[in-house]
Amino acid sequence: MTGGSCRPQPVRHAIAQLHWRLSPWRLVREQPAHVGPRLLIGAPHTSNRDFVLMLAITWDARLPVRWLGKRELFQGPFGRVMHWLGGIPVDRDDPAGLVERVVELVRHDPRAAIVVTPDGTRSSTHWRSGFYRIAYDAGIPVTLGFVDSITGTTGLGPTIRLTGDVPADMDRIRAFYAGKAGINPERTTEPRLADEAGLAARLAQERLEP
C-alpha cells in the first residue's frame, strides 16, 4: 500500500504541529477520538486550500489518511507525490469497484481514515451520494470533518453510523454543518442529496435481495 499506513508518522505529526502553531485557523480536535476505520467527510469544500487543512488535521491526529481524488490529479510529474500523500485515483466516469477498494483498504489498515469531499469545489446544488453508498456498503462510520470561515475553526466533528434511512441520516449531517461556511463562502453547498428518498428505497430493496 502507498500513502497512509498503520505505522507511526512522527515527521508528518511534527509538520502538523508546526502548521497549527503558525496557522490563523483554530484546530478543533476529535473528542472523543474514534477508534477504527472511517470515511471522513471534508466540508464545506470550496477551495483547493482545504487540501492543506485536511492533511494538517489528519497528520495532527496521527491518522493513516487516504483520500479519493479525480484521476487527473495523479497524472504528470506530481502524480507520485499525490500517491505518497495518500491519494486514491477515481475515474468518475467508471466508479465500479470503488467500494471493494475501500473495503480492501480497511482490511489492511484497521485505522484507515478515507477522506471524501461530496460537495466538490465548484457551484453545485447538491452533494454527491457516493460517500453514502461507500460508507454504508463498506459498513464503516462517517466522521464529519469541517472548515468554518465564520468562526475561523476547522477540525473533526462527531462520527456517526449510517442507518439506511437516508433522509434521517442527512438531517443529522445537515444539523452539524448548519451555519458553517467554507473558505469561499459563496460556494458553500447545503448537505442535501438529489434524491434522498429514492436512495433509501434502493438500499431497502437491496437488503431484501438474496
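So, a few notes on the structure that sits alongside this text. Predicted model, so just to flag it, every value in this text is computed and none were measured.

A look at the overall build of the protein chain
Link 1 in the chain: Secondary structure assignment for the protein chain yields seven helices and seven strands.
Link 2 in the chain: N-terminal to C-terminal, the α/β element order of the protein chain is α-β-β-α-β-α-β-α-β-α-β-β-α-α.
Link 3 in the chain: Compactness check: the protein chain gives a C-alpha radius of gyration of 17 Å against a globular reference of 17 Å for 210 residues, within 12% of the reference.
Link 4 in the chain: Here the C-alpha coordinates of the protein chain stretch approximately 50 × 40 × 35 Å along the principal axes.
Link 5 in the chain: Split into buried and exposed, the 210 residues of the protein chain put 49% on the buried side.
Link 6 in the chain: Of note, the protein chain has its 27 positive side-chain charges centred 8 Å away from the centre of its 22 negative side-chain charges.

With respect to the pairing of strand β7 (residues 153-160)
Link 1 in the chain: Counting buried positions along β7 gives six out of eight residues, so the element sits mostly inside the fold.
Link 2 in the chain: Looking at chain direction, strand β6 (residues 142-148) and β7 are connected through six bridges and run antiparallel. Its bridge partner being in β7, D148 is matched across the sheet by T153.
Link 3 in the chain: Taking the residues between adjacent antiparallel strands as the criterion, β6 and β7 are bridged by four residues, where G152 takes a positive phi near 70°.

Observations regarding the nonpolar core
Looking at soluble globular proteins, one finds that nonpolar side chains tend to be buried together.
Link 1 in the chain: Ranked by size, the top nonpolar core spans 32 residues in total, and within it L39, I41, W127, F131 and Y177 carry the most contacts.
Link 2 in the chain: The set of elements that each furnish at least two residues to this core consists of β2 (38-43), β4 (87-90), α4 (98-108), β5 (113-116), α5 (130-138), β6, α6 (166-177) and α7 (196-208).
Link 3 in the chain: Here the element with the most residues in this core is α6; it accounts for five residues.
Link 4 in the chain: The contacts of L39, once residues within four sequence positions are left out, are I114, V116, F131, I134, A135, I140, P141, V142 and T143.
Link 5 in the chain: Counting 22 residues, the second-largest nonpolar core is a separate cluster that includes M54, F74, V115 and V147.

Thresholds, definitions, all that
- Residues numbered from 1 in each chain as written.
- Predicted model: local features only at pLDDT ≥ 70, side-chain atom pairs only at ≥ 80, totals over all residues.
- Heavy atoms only, no water.
- Helix = DSSP H or I, 4+ residues; strand = E, 2+ residues; numbered from the N terminus.
- Rg over C-alpha atoms; globule rule 2.2 N^0.38 Å.
- Buried < 20%, exposed > 50% of the residue type's maximum accessible area, 1.4 Å probe, protein only.
- Lys, Arg positive; Asp, Glu negative; His and termini not counted.
- Charge placed at Lys NZ, Arg CZ, Asp CG, Glu CD.
- Pairing = 2+ DSSP bridges.
- Core = buried A, V, L, I, M, F, W, Y, C linked by side-chain atoms within 4.5 Å.
- Contact = heavy atoms within 4.5 Å.

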